[in-house]
Amino acid sequence: MADEDERAVEAAVAAEMRLLDPEVRASPALVSELLDPGFTEIGASGRRWDATSILTVTSAGSADPGPPVEVSQMSGTVLAPGIVHLTYLTDDGRRAWRSSLWRRTESGWRMYFHQGTLAG
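In this text, all values refer to a predicted model and were calculated from it rather than measured experimentally.

Calculation rules
Residues numbered from 1 in each chain as written. Predicted model: local features only at pLDDT ≥ 70, side-chain atom pairs only at ≥ 80, totals over all residues. Heavy atoms only, no water. Core = buried A, V, L, I, M, F, W, Y, C linked by side-chain atoms within 4.5 Å. Buried < 20%, exposed > 50% of the residue type's maximum accessible area, 1.4 Å probe, protein only. Helix = DSSP H or I, 4+ residues; strand = E, 2+ residues; numbered from the N terminus. Phe/Tyr/Trp six-rings, centres within 6.5 Å; stacked < 30°, edge-to-face > 60°. Lys NZ or Arg CZ within 6 Å of the ring centre and 35° of its normal. Pairing = 2+ DSSP bridges. Axes fitted to C-alpha atoms, helices over the stretch in contact; angles between N-to-C directions. Contact = heavy atoms within 4.5 Å.

**Looking at the nonpolar core**
Point 1. Core analysis: the biggest nonpolar cluster contains 18 residues, and Leu19, Leu35, Val84 and Trp102 have the highest contact counts within it.
Point 2. Going through the elements one at a time, helix H1 (3-20), helix H3 (28-34), strand S1 (35-42), helix H4 (51-60), strand S4 (83-91) and strand S6 (108-118) are the ones with two or more residues in this core.
Point 3. The dominant element in this core, judged by the number of residues it contributes, is H1, at five residues.

**Here's the deal with the packing of aromatic side chains**
Each aromatic ring pair is specified by the distance between its two centres and by the angle formed by the two planes.
Point 1. Summed over the entire model, instances satisfying the criterion amount to zero aromatic pairs.
Point 2. Here the guanidinium or amino end of Arg47 rests over the ring plane of Trp49, the centre of that ring lying 3.8 Å away.

**Topic: the sheet that holds strand S2 (residues 48-50)**
Point 1. In spatial order, the strands read S2-S1-S6-S5-S4-S3; together these six strands make up an open sheet with mixed pairing. In this open sheet, the two edge strands, each paired with only one partner strand, are S2 and strand S3 (70-80). Sheet twist, expressed as the mean angle between neighbouring strand axes with direction ignored, is 15°.
Point 2. Across nine bridges, the pairing between S4 and strand S5 (residues 95-105) is antiparallel. Across the sheet, Asp91 pairs through a bridge with Arg95, a residue of S5.
Point 3. Helix-sheet contacts for H1 involve S1, S3, S4, S5 and S6, and the interaxial angle to S3 is about 140°.

Below is the structure:
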């Protein structure tokens, strides 16, 4: 992987890990800095989310950030300049495979798409 690609993957991983931090997840302002305005998610629950619905739940205080999430098997690939695809496994009492698309914007790396699928 070229140095530029490695830096892009490292930046996306760092941003993903920030989003998984319970303190960040409890702050609409911090979450907003990491979500692309066009963000969509298909959660492990099957529910579809967008940036507005995520921020609304976070702002209402009804989003329980829960305990820290255990992350393993993190890997990333640059799909195109400024676009990184991450995959990894989480365990927060239930295991799920995760897939995220990150894109570099003028204001930094932002998550554009995320999907979680429960793992056996």
